[in-house]
Amino acid sequence: MRNVRESDLCPFCGSTNVLPFEDDSENESDLPVFMIILIALAVVGLYLAFVVASYMYFPVIVFIAIIISTRIINRQEKKPQKKLLHHSRDFICLSCNSNFNRTDPE
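Residues numbered from 1 in each chain as written. Predicted model: local features only at pLDDT ≥ 70, side-chain atom pairs only at ≥ 80, totals over all residues. Heavy atoms only, no water.

Engineer: Outline the overall build of the protein, supporting the account with residue identities and numerical values.
Structural biologist: Helix and strand counts for the protein stand at two helices and three strands. The buried share of the protein, taken over its 106 residues, is 12%. The long-range share in the protein, meaning contacts at least 24 apart out of those at least 6 apart in sequence, stands at 51%. Put simply, the protein shows about 9,800 Å² of open surface, and 62% of that area lies on carbon and sulfur atoms. (Helix = DSSP H or I, 4+ residues; strand = E, 2+ residues; numbered from the N terminus. Buried < 20%, exposed > 50% of the residue type's maximum accessible area, 1.4 Å probe, protein only. Contact = heavy atoms within 4.5 Å. Areas by Shrake-Rupley, 256 points an atom, 1.4 Å probe, with all protein chains shown as cover.)

Engineer: So, a nonpolar patch on the surface: which residues are in play, and what are the values?
Structural biologist: On the surface, a nonpolar cluster with roughly 860 Å² of combined accessible area is contributed by Val52, Tyr55, Met56, Tyr57, Val60, Ile64, Ile68 and Ile72. Of all the elements in the fold, those that place two or more residues in the nonpolar patch are helix 1 (33-56) and helix 2 (58-78). Top contributing element to the nonpolar patch by residue count: helix 2, with four residues. By the secondary structure assignment, Ile64 is in helix 2. When its relative accessible area of 42% is taken as the criterion, Ile64 is described as partly exposed. (Patch = residues over 30% accessible without salt bridge, like charges linked within 9 Å, V, L, I, M, F, W, Y side chains within 5 Å. Salt bridge = Lys/Arg side-chain N within 4 Å of Asp/Glu carboxyl O.)

Engineer: Run through the environment of Phe50, naming residues and quoting values.
Structural biologist: Here Phe50 shows up in helix 1. In this structure Phe50 comes out as partly exposed when scored by relative accessible area, which is 44%.

Engineer: Give a description of the state of the cysteines that names residues and reports values.
Structural biologist: Per the stated rule, a full pass over the model turns up zero disulfides. Not part of a disulfide, Cys93 finds its nearest cysteine sulfur in Cys13, a span of 3.6 Å. Here Cys96 stays free of any disulfide, with the sulfur of Cys93 as its closest cysteine sulfur at 3.7 Å. (Disulfide = S-S within 2.5 Å.)

Here it is as structure tokens:
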């Protein structure tokens, strides 16, 4: 039998059927249509500039692309993993479907 801690109990119904609450609504963004059209035009413009420059200065474009891609790859490899701090967490009870907040002792 598993040990039951206070943070494992729902304060409303006393159930142990509790999970950490994940809020997915923070990442929602509503870009206006005008902004999306500007971004699409900028991407098309950059692509056309890249094509023209590639035909005119092919070796220079290849070297610049190699330098940029290696820097991006190296930057992604050096990023440390983010550690989540669990001092205050939101939980959801699956039995009574209520949300509550618990603070973990340090």
